[in-house]
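These are the residues of each chain, in order.
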Amino acid sequence: MASVDTRPSAAQVLLQSAETKSLLRFITCGSVDDGKSTLIGRLIYESQGLLTDQLTALESDSRKHGTQGEGLDFALLMDGLEAEREQGITIDVAYRYFETSTRKFIVADCPGHEQYTRNMVTGASTADAAIVLVDVTKGLLLQTRRHAYLLSLLGVRHVILAVNKMDLASYSHERFVEIEGEFSKLASSLGLKQTWSVPISALQGDNLTALSDRMPWYKGPALLELLHQLPDLEAPDSQRAWRLPVQYVNRPSSDFRGYAGTLLGGGKLHEGDSVRVLPAGTVSSIARVIGPSGDLDRASHGQAITVTLANEVDVSRGDVLVAAGSPCEIADQFAAHIVWMDEQPLLPGRSYWLQIGARTVAAQVTEIKHRVDINTQEHIAAKRLELNEIGFCNLYLDRAIPFETYEQLRELGSFVLIDRQTYSTAAAGMIRFALRRSANLHWQALDIDKQARANIKQQTPKCIWFTGLSGSGKSTIANLVERKLLALGHHTYILDGDNIRHGLSKDLGFSDEDRVENIRRVAEVAKLMTDAGLIVLVSFISPFRSDREMARRLFPDGEFIEAFVDTSLELAESRDVKGLYAKARAGQLKNFTGIDSPYEPPESPELTLATATASAEELADQVVSRCLAPDSDA
């Protein structure tokens, strides 16, 4: 009988070897033409990380786009976009994987231009180490200072200063020491505690994978050796308790209910451990710990596991399981650094989706405490954030969530803001601390509720939101509607745009930021009035669709009626009894809706009131009929 060869195949040995290697994620950053792409390309090449077809493509691209004559242009390995190759710059974040006999690496080549700050933030958000390149002939530049600040902001723990192009400075020891000293002072001022400095020539290969004979005065390790020596960045702080964010509730049958996620933090999770479910706070214990290959005695940081609990408790996707004796904080208001990534500016008061881990909640930036000048780190007063700007802001969430600060645990301290209309990522954020007010403020329980207040008035509370251009007839129609409702015995109130600006909003102007805040205030007042059982009529231009949607979300389904007073700009301008359009046309009135500030018509209002084809009386009757209809959603 022939014997069976049970020895693992070469492919299996290779896979097993790869599984045991530690992984280091790092980024390269620096000014334009400092040699970032060349450095990474050369590292990959020198570590035999190129396949045959990749090497062939590099040779072809070097002949077509290269800058090294007949030699290989290693920068082309990273500059994947055609525009990058043509201009010789990095625009997007380019990721590459390579490995050596002892370690795996994922490197992100980040752009150096200020207008691509969001790209660098994206690349640095998952990195634990960074190589900051400085051209020895130029020294520290403004971009160097900006990148060092971003590394500090994003908590990159290990920073290597690579002083490049030493061949152009005759491998001068004095020049290297000068730049090293300047960067050391900068790193210290930014709180970058673990830094190293290496003199290199990426083009010539000096001090990349082996020490160079051209710089005998340098006694430290070569760059690749230094990357190998960095501590295992996957290792958590053993003093911190474990956390298990629930990514998936696994219910394949009625007799199994498991909670899947990746274990975070220090310590070990064992069968029988007492566990608390956040934010609810219910307590249970671990019945089973299950890994990809079956039951485990324990689990540690970074493992993907499923756990079952000893008793039936309510656990949903986005909840966090924590050690019962060491829970994390819960809050609904935070101070956070926000990196704005959207073409449209951040205006306080607008509503966004906030996604943190697997949990998504509604959120508002309530205040921009200051904007940070990323070049000088100066704090500047601001009412908005534009693309690529960074601000320190207060946020309010519609419910409390479990969290850790970004410094404590990235996964539970970082979030993204998502535009509620386009679903595009608007910002990345880092939680710094919970606001004390979130722990000190609580809803006061009251005996009389909204339904009781409405019953005594014998009516159904409504918010009728009139929107349209100035001069469209909003106030005229709203006034007629109130008269008709009052004649029918209903309790009403009008919130008129001009009247509100004499009191509640007298401190606001007409900039986009102030318009957003004006609508936020009025929407909250309207909500209080419906809670009092009233039918409230809101007559505001309210030009921005997102702000009207924010107002709508404050009310239960069917209680908010958007009435679009549809009047053309020409007709509205012809009714200009106040002379506002004439002033706006003459440049005497800035930010006037319809002239130099946009109006965004509703996409699907409950009512469209066409003033060109019906009288104000007829339109008012339409509103009254809709308001008093038994089912306002009909």
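Residues numbered from 1 in each chain as written. Predicted model: local features only at pLDDT ≥ 70, side-chain atom pairs only at ≥ 80, totals over all residues. Heavy atoms only, no water.

1. Details of the overall build of the chain
When helices and strands are tallied, the chain shows 18 helices and 28 strands. Counting all 634 residues of the chain, 50% fall into the buried class. A separation of at least 24 residues holds for 71% of the contacts in the chain among residues at least 6 apart in sequence. Of the roughly 30,100 Å² of accessible surface on the chain, 50% is carried by carbon and sulfur atoms. (Helix = DSSP H or I, 4+ residues; strand = E, 2+ residues; numbered from the N terminus. Buried < 20%, exposed > 50% of the residue type's maximum accessible area, 1.4 Å probe, protein only. Contact = heavy atoms within 4.5 Å. Areas by Shrake-Rupley, 256 points an atom, 1.4 Å probe, with all protein chains shown as cover.)

2. Brief notes about the sheet that holds strand 3 (residues 103-109)
Strand order in the open sheet formed by six strands is 2-3-1-4-5-6, with mixed pairing between adjacent strands. Since the sheet does not close on itself, it has two edges, and those belong to strand 2 (94-99) and strand 6 (194-199), each with one partner. Adjacent strand axes in the sheet meet at a mean angle of 25°, parallel and antiparallel pairs treated alike. As paired strands, strand 1 (residues 22-30) and strand 4 (residues 129-135) are joined by five bridges and run parallel to one another. Residue C29 lies in a different strand from strand 4, and its bridge partner there is V132. Contacting strand 1, strand 4 and strand 5 (158-164), helix 6 (residues 142-153) crosses the sheet at an angle of about 145° to strand 1. (Pairing = 2+ DSSP bridges. Axes fitted to C-alpha atoms, helices over the stretch in contact; angles between N-to-C directions.)

3. Notes on the pattern of salt bridges
This model, assessed by the stated rule, comprises 31 salt bridges. Across the pair R157 and D128 runs a salt bridge, and its minimum N-O distance is 2.7 Å. Here R157 is found in the loop between helix 6 and strand 5, whereas its partner D128 is found in the loop between helix 5 (117-124) and strand 4, with 29 residues between them in sequence. The class of D128 is buried, set by a relative accessible area of 15%. A salt bridge links R359 to D319; its shortest N-O distance comes to 2.5 Å. Of the two residues, R359 is situated in strand 19 (residues 359-372) and D319 in the loop between strand 15 (304-309) and strand 16 (320-323); the sequence distance between them amounts to 40 residues. On the basis of relative accessible area, R359 is assigned to the buried category, the value being 12%. Here the residues in one salt-bridge network are R548, E549, R552, E562 and E606, joined through shared partners. (Salt bridge = Lys/Arg side-chain N within 4 Å of Asp/Glu carboxyl O.)

4. Here we look at the packing of aromatic side chains
For the coordinates displayed, the defined rule picks out ten aromatic pairs. Between F26 and F105, the aromatic rings sit 6.1 Å apart at their centres with planes inclined by 85°, giving edge-to-face as the arrangement. Of this pair, F26 sits in strand 1 while F105 sits in strand 3, placing them 79 residues apart in sequence. Here Y581 and F592 contribute two aromatic rings whose centre-to-centre distance is 4.9 Å and whose plane-to-plane angle is 80°, an arrangement assigned as edge-to-face. Pair noted here: Y581 is in helix 17 (residues 580-585) and F592 is in the loop between helix 17 and strand 28 (607-610), with a separation of eleven residues, a long-range link. We classify F592 as buried; its relative accessible area is 10%. These aromatic residues form a ring-pair network of at least three members: F26, F98 and F105. Between R350 and the ring centre of F544, over which it is positioned, the NZ or CZ distance is 4.9 Å. Sitting over the ring of W353, R420 keeps its end group 3.8 Å from the ring centre. (Phe/Tyr/Trp six-rings, centres within 6.5 Å; stacked < 30°, edge-to-face > 60°. Lys NZ or Arg CZ within 6 Å of the ring centre and 35° of its normal.)

5. Topic: the pairing of strand 21 (residues 390-403)
Counting buried positions along strand 21 gives ten out of 14 residues, so the element sits mostly inside the fold. Pairing between strand 19 and strand 21: eight bridges, direction antiparallel. Residue pairing in the sheet places H370 in a bridge with F392 of strand 21.

6. Examining the nonpolar core
Formed by 43 residues in total, the largest nonpolar core has its most connected members in I27, Y149, L151 and F183. Of all elements in the fold, only strand 1, helix 5, strand 4, helix 6, strand 5, helix 7 (173-190) and strand 23 (425-434) reach the threshold of two or more residues within this core. Apart from residues lying up to four places away in sequence, I27 is in contact with A108, C110, M120, G123, A124, A127, A129, A130, I131 and L151. (Core = buried A, V, L, I, M, F, W, Y, C linked by side-chain atoms within 4.5 Å.)

7. So, the packing of helix 5 against helix 6
Two elements in contact, helix 5 and helix 6, have axes whose closest approach is 10 Å; the angle formed by their N-to-C orientations is 40°. One way to sum up the angle between helix 5 and helix 6 is to call them oblique. As for the relative orientation of helix 5 and helix 6, their crossing is right-handed in sense. Packed against helix 5, whose contacting residues are T117, M120 and V121, the element helix 6 presents R146, H147, L150 and L151 at the interface. Partitioning the contact of helix 5 with helix 6 into residue classes produces four nonpolar, two polar and one charged. (Parallel < 35°, antiparallel > 145°, perpendicular 65-115°, else oblique. Left-handed = near helix turned anticlockwise from the far one by under 90°. Nonpolar A, V, L, I, M, F, W, Y, C, P; charged D, E, K, R; others polar.)

8. Digging into unusual backbone geometry
P279 follows L278 through a cis peptide bond whose omega is 15°. Within the fold, P279 resides in the loop between strand 11 (274-278) and strand 12 (282-291). One non-glycine residue with positive phi stands out, namely N207, at about 60°. On the secondary structure map, N207 appears in the loop between strand 6 and helix 8 (223-229).

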